[in-house]
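Chain by chain, the residues run as shown.
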Amino acid sequence: MSFGRFSGCYECGMVVDPVLGTSRDHSLWGSICSCPDCGEIFMKADSLELHQAVRHAVSELSPEDTSKNIVEIIFQSSWLKKQAPICKIDRILKVHNTQRTISKFEEHRDSIKAKAAKLPKKQPRCIADGNELLRFHCTTFECSIGLNGSSNLCNAVPNCKICSIIKNGFKESTGGDDDGHGILTTETSGKAHDKATALEDGSSNKRAMLVCRVIAGRVKKSMEGNIEDYDSVAAGMEVYSNLDELYVFNPRAILPCFVVIYRGF
């Protein structure tokens, strides 16, 4: 709804809405909030948050933005398909996570830190920051996300996987280890692309690379120990590194920060 829909009096607290009628509830004025990006007015904070999560979800980084150069470097430097030329980046988008999404991510980090502090065998990284890593996740999309300055998500959720992840977060069904548990993240963009190709279901040939902050917590790297005692499990420890494939158990442990739209693979 637009701001022009409402009228009212600040002295008596009366609000006039052509649809809902007249209200003298003073608390209503405190609940009215506007979008800082487009100015639209909402009666509830939850409605504003949903609006921002869909209509202002992403923005394209300009060539002058230092973040774009950094993301481009880490994306291309870790593209390990030596037999093929490096793919072409069409655009790099910044993900504008809602405060609720960020809070869930931080709360999960705090829980990992608190749990690590109680363990008899201390793990400094877990205690310090939850063992946060920068990881890649490759998926498909159906729309023209971020094209020509567009900032909104499409209406094809959940078929458009990139928009679904940005709006609703990761789901465990996104990927899994040999037992079908966890969400796949990789240390390199090349590995992420390879794994997405292997798991391709034929729904789309358009791919996007998510650059994510990941709270890895306690990582299970061998067959020993109970998996319930860990927060993630390492797999594929062969060519790339000992954490090239990491399956994270809790969807809240992954925060998408950038989207790389690329082609030519």
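Residues numbered from 1 in each chain as written. Predicted model: local features only at pLDDT ≥ 70, side-chain atom pairs only at ≥ 80, totals over all residues. Heavy atoms only, no water.

As recorded in an unreviewed UniProt entry, the protein chain goes by C2H2-type domain-containing protein and comes from Salix suchowensis.

*Asks:* Help me understand the overall build of the protein chain, please; the structure alone is not making it clear to me.
*Replies:* Summing up its helical and strand segments, the protein chain has seven helices and 14 strands in all. Counting every position in the protein chain, which comprises 265 residues, the buried fraction comes to 42%. For the protein chain, the share of sequence-separated contacts (at least 6 apart) that also reach a separation of at least 24 residues comes to 62%. For the protein chain, the exposed area adds up to about 14,300 Å²; of that, 51% sits on carbon and sulfur atoms. (Helix = DSSP H or I, 4+ residues; strand = E, 2+ residues; numbered from the N terminus. Buried < 20%, exposed > 50% of the residue type's maximum accessible area, 1.4 Å probe, protein only. Contact = heavy atoms within 4.5 Å. Areas by Shrake-Rupley, 256 points an atom, 1.4 Å probe, with all protein chains shown as cover.)

*Asks:* I would appreciate a short explanation of helix H4 (residues 99–117) in the present structure.
*Replies:* Compared with an ideal rise of 1.5 Å per residue, which puts 19 residues at 27 Å, H4 spans 27 Å between its outermost C-alpha atoms and is within 8% of the ideal. Among all positions in H4, only Phe-105, His-108, Arg-109, Ile-112 and Ala-116 are buried. Seen along its axis, H4 keeps its buried residues to an arc of 100°; they face one direction. (Expected span 1.5 Å × (residues − 1). Arc of directions from axis to C-beta.)

*Asks:* What exactly am I supposed to notice about unusual backbone geometry here?
*Replies:* Positive phi is not limited to glycine here, since Asn-131 has a value of about 60°. Take Asn-131: it is sitting in the loop between helix H5 (124–129) and strand S8 (132–140). The class of Asn-131 is buried, set by a relative accessible area of 13%. Positive phi outside glycine occurs at Asn-148, with the angle close to 55°. On the secondary structure map, Asn-148 appears in the loop between S8 and helix H6 (161–168).

*Asks:* Honestly, the nonpolar core in this entry has me stumped. Any pointers?
*Replies:* A general tendency of soluble globular proteins is for nonpolar side chains to be buried together. By size, the foremost hydrophobic cluster in this structure holds 35 residues, and its most contacted members are Ile-145, Ile-162, Cys-163, Ile-166 and Val-259. Within the residue set of this core, elements represented by two or more residues are strand S7 (88–95), H4, H6, strand S10 (207–215), strand S13 (245–248) and strand S14 (254–263). Of the residues forming this core, the biggest block, five residues, is contributed by S10. Among all residues touching Cys-163, those that are not within four sequence positions of it are Cys-143, Ile-145, Leu-153, Cys-154 and Val-157. With 17 residues, the next largest nonpolar core counts Phe-75, Trp-79, Cys-87 and Cys-257 among its residues. (Core = buried A, V, L, I, M, F, W, Y, C linked by side-chain atoms within 4.5 Å.)

*Asks:* It is not clear to me how the pattern of salt bridges should be interpreted in this structure. Could you clarify?
*Replies:* When their charged atoms lie close together, side chains carrying opposite charge are able to pair. By the definition in use, this model includes 12 salt bridges. The closest approach of N and O atoms between Asp-90 and Arg-263, which form a salt bridge, is 2.6 Å. Taken together, the residues span a long stretch of sequence, with Asp-90 in strand S7 and Arg-263 in strand S14 at a distance of 173 residues. Relative accessible area serves as the criterion here: at 34%, Asp-90 is assigned to the partly exposed category. One salt bridge in this structure joins Arg-213 and Glu-106, with 3.9 Å as the shortest N-O distance. (Salt bridge = Lys/Arg side-chain N within 4 Å of Asp/Glu carboxyl O.)

*Asks:* Is there a simple way to explain the UniProt feature "domain: C2H2-type" (unreviewed entry) in the protein chain in this structure?
*Replies:* Here the UniProt feature "domain: C2H2-type" (unreviewed entry) sits at residues 33–61. The span residues 33–61 shows a helical share of 38% and a strand share of 24%, and its end C-alpha atoms are spaced 28 Å apart. (UniProt positions renumbered as here; feature names shortened; annotations may be inferred.)

*Asks:* I tried to follow the packing of aromatic side chains on my own but got confused; where do I start?
*Replies:* The geometry of an aromatic ring pair is captured by the separation of the ring centres together with the interplanar angle, meaning the angle of the planes. Evaluated as defined, the whole model comprises one aromatic pair. With centroids separated by 5.4 Å and ring planes inclined at 55°, the aromatic side chains of Phe-75 and Tyr-262 adopt a geometry described as tilted. Here Tyr-262 lies in strand S14 and Phe-75 lies in helix H3 (residues 66–77), a separation of 187 residues in the sequence. Look at Phe-75 and you get buried, because its relative accessible area is 0%. One residue, Arg-218, lies across the ring of Tyr-230, its end atom 4.8 Å from the ring centre. (Phe/Tyr/Trp six-rings, centres within 6.5 Å; stacked < 30°, edge-to-face > 60°. Lys NZ or Arg CZ within 6 Å of the ring centre and 35° of its normal.)

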